[in-house]
Amino acid sequence: MPLIKVLGAAVLLFLGALNVPAADSWPEFRGPTGQGHAAAAKLPTEWSETKNVQWKTPLPGKGWSSPVAADGVIWLTAAIDMPLSEEQKKEKLKKNTGDQPLNAAGHVDLYVLGIDQQTGKLLHQVKVLGVDDPQWIHTLNSYASPTPVLENGKLYCHFGALGNVCFDTKSLQNVWTNNELKIMHENGPGSTPVIWGGLMIFHCDGSDIQYIAALDKATGKLAWKTPRTGEMHNNPQLKKAYGTPLIVRQTEGTNSRELLLSPAANWLYAYDPATGRELWKLNYGTLGFSIVPRPVMGDGLLYMCTTYMKSELLAIKLPALNDAAAEPTIVWRHKKSVPNIPSPLLVGGEIYFVHDNGVATCLDGATGKELWTERLGGKFCSSPLYADGKIFLSSREGQTLVLKPGKKFEKLATNALEGEIMASSMVLDNSLFIRTDKALYRIGEK
């Protein structure tokens, strides 16, 4: 069923659930509603390389995109790049305006991978793009980090300034390719697209220019492109962002509108997804850039992280639909151990998040009151997942902690796999699918 939240006379409905996908599909980043929730039962609490692993499939190339799936096939993206010599790398990185640790390549090939959901067999490895002289990327990033969106047999892939592809999962051919939209990422691609109606929508927030754009999903042609209008810092490094939008329908009485909620550097924007027209914007009240976490919404509030410099969690009330003078407001903000990369998770009335450096926190969603905080250890990039009454948190060190949601901290298990976990996990068929830098695992009761 669509996920609906009511506050007074206002109704917010997540558009990710309007065309409700089949129970055996996982169409986009953080699942059917983009909120990190999954319908499942009998997920294992404990596993290892030798326990409750139904299959393990080595993956070619490198990529941090999360898996998506439908019709019994799991889809991922991956990149295979041609490294530069140290001298060539040094010369290329002279153009960088920051001081981050960076990698550079002379060429990169981008692939779509298809894996059988039941057996783990690698069915397809199809090159969809080849790019000479790609931009440099952060050492934590990959050239295939944005998660694709799967809809009706089409895989919509966004690789940032490297290009966009619509891939037909039956014919295994590109339906279209668009590499016209360029920005300087500085740290490589990171924003994940969304599909709304006939459009593929994504952020393009570079150090040079910042905008949001939509392509016609049938042809790949530009449908609209809207520049960011909010004032930003003069430093180019503080203008970029890597966020993923969230689309909701706002209804009050007989009036209704659809909102594209889009976190960018220093500002949260709301757009009409059909036209890209800016409806309103809200300043964070603090410096926020390189936005990575995807917002979550519930009980009438949007929860989002401002990310770098010092990340804050903002609880935002959207402006009333029936009041033309109404403006969005920040109801509360939390400044301690808020993540730069992992997205927050809303379960019941509590909001959960884990800082990149391994401190987990639970807040009361209505008031922002801290209910508990706990040092987990490790480093985190993957976004948390709620399924089968449990919260799953995966670290870069390959460990997944299983927590019981609630107002008191309760850890149920710590599980280790080989390799790094950067991608967010997927749940299908009462199994947990975890991508590491080495393999894709299906975790289920055996």
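Bear in mind the structure is a predicted one, so any value in this text is a computation, not a measurement.

Scoring rules and cut-offs
Residues numbered from 1 in each chain as written. Predicted model: local features only at pLDDT ≥ 70, side-chain atom pairs only at ≥ 80, totals over all residues. Heavy atoms only, no water. Helix = DSSP H or I, 4+ residues; strand = E, 2+ residues; numbered from the N terminus. Rg over C-alpha atoms; globule rule 2.2 N^0.38 Å. Buried < 20%, exposed > 50% of the residue type's maximum accessible area, 1.4 Å probe, protein only. Contact = heavy atoms within 4.5 Å. Lys, Arg positive; Asp, Glu negative; His and termini not counted. Charge placed at Lys NZ, Arg CZ, Asp CG, Glu CD. Phe/Tyr/Trp six-rings, centres within 6.5 Å; stacked < 30°, edge-to-face > 60°. Pairing = 2+ DSSP bridges. Core = buried A, V, L, I, M, F, W, Y, C linked by side-chain atoms within 4.5 Å. Polar contact = N/O pair within 3.5 Å; in protein donor to acceptor, adjacent residues only side chain to side chain. Axes fitted to C-alpha atoms, helices over the stretch in contact; angles between N-to-C directions.

### Let's talk about the overall build of the protein
No. 1: If you tally the helices and strands in the protein, you get one helix and 37 strands.
No. 2: For 446 residues, the compact-globule estimate of 2.2 N^0.38 gives 22 Å, and the C-alpha radius of gyration of the protein, at 20 Å, lies within 12% of that figure.
No. 3: Counting only C-alpha atoms, the protein reaches 55 × 50 × 40 Å along its principal axes.
No. 4: Taking all 446 residues of the protein together, the buried fraction comes to 59%.
No. 5: Taking all contacts inside the protein whose residues are at least 6 apart in sequence as the whole, residues at least 24 apart take part in 57%.
No. 6: Between the averaged position of the 45 positive side-chain charges in the protein and that of its 43 negative side-chain charges there is a distance of 2 Å.

### Regarding the packing of aromatic side chains
No. 1: Taken as a whole, this structure holds eight aromatic pairs when the rule is applied.
No. 2: Look at Y269 and Y271: their rings are 5.7 Å apart centre to centre, the planes differ by 10°, and that puts the pair in the stacked class. The pair Y269 / Y271 is uniform in exposure class, with both members buried.
No. 3: Taking 6.0 Å as the distance between ring centres and 45° as the angle between the ring planes, the aromatic pair formed by Y303 and W332 counts as tilted. Residue Y303 is found in strand β24 (residues 301-305), and its partner W332 is found in strand β26 (residues 329-334); the two are separated by 29 residues along the sequence.
No. 4: Given the relative accessible area of 8%, W332 is considered buried.
No. 5: An aromatic cluster is defined as three or more aromatic residues linked by ring pairs; in this entry it consists of Y352, W372 and F409.

### Description of the pairing of strand β18 (residues 222-227)
No. 1: Both strand β17 (residues 210-216) and β18 contribute to a ladder of five bridges, which runs antiparallel. Bridge pairing in β18 links A213 to K225.
No. 2: Linking two consecutive strands that pair antiparallel, namely β17 and β18, is a turn of five residues; a positive phi of about 80° is found at G220 within it.

### Points about the nonpolar core
No. 1: W47, I74, F392, V427 and L432 are the most contacted members of the largest nonpolar core, which has 31 residues in total.
No. 2: Breaking this core down by element, the ones donating at least two residues are β4 (53-58), β6 (73-83), β8 (105-116), β31 (385-387), β35 (426-428), β36 (431-435) and β37 (439-443).
No. 3: In terms of residues, this core owes the most to one element, β37, which gives four residues.
No. 4: Ignoring anything within four residues of it in the chain, the contact list for L432 reads L43, W47, L385, F392, S425, M426, V427, Y441, R442 and I443.

### Some remarks on the side chain of S262
No. 1: Following the sequence through the fold, S262 ends up in strand β20 (residues 255-264).
No. 2: There is a polar contact of 2.7 Å between the side chain of S262 and the side chain of H203.
No. 3: Here the side chain of S262 touches R228 through a polar contact of 2.9 Å, side chain to side chain.
No. 4: Once residues lying within four places of it in the same chain are set aside, the contact partners of S262 are H203, I212, R228, W267, L268, Y269 and Y271.

### Focus on the sheet that holds strand β16 (residues 199-205)
No. 1: Strand order in this open sheet of four strands is β15-β16-β17-β18, and the pairing throughout is antiparallel. Strands at the two margins of the open sheet, each flanked by one partner only, are β15 (194-196) and β18. Neighbour-to-neighbour, the strand axes of the sheet open up by a mean angle of 25°, direction not taken into account.
No. 2: Pairing between β16 and β17: seven bridges, direction antiparallel. Across the sheet, the residue bridging to H203 is I212, located in β17.

### Thoughts on unusual backbone geometry
Leave glycine aside and you will find that most residues have negative phi; peptide bonds, for their part, are mostly trans.
No. 1: Between Y308 and the following residue, M309, the backbone shows a cis peptide bond with an omega angle of 5°.
No. 2: Tracing the sequence through the fold places M309 in the loop between β24 and β25 (313-317).
No. 3: Unusually for a residue other than glycine, K42 sits at a positive phi of about 60°.
No. 4: With respect to the helices and strands, the residue K42 is situated in the loop between β3 (37-38) and β4.
No. 5: Among the residues examined, K42 registers a relative accessible area of 61% and is labelled exposed.
No. 6: Notably, D71 is not glycine yet its phi reads approximately 55°, a positive angle.

### Things to note about the environment of Y352
No. 1: With respect to the helices, strands and loops of the structure, Y352 is situated in strand β28 (residues 350-354).
No. 2: For Y352, a relative accessible area of 5% gives the class buried.
No. 3: Remark: the alpha-carbon pair of Y352 and I201, spanning 151 residues in sequence, is separated by 27 Å.
No. 4: Setting aside its immediate chain neighbours within four residues, Y352 contacts P344, L345, V347, T361, C362, W372, I391, P405 and G406.

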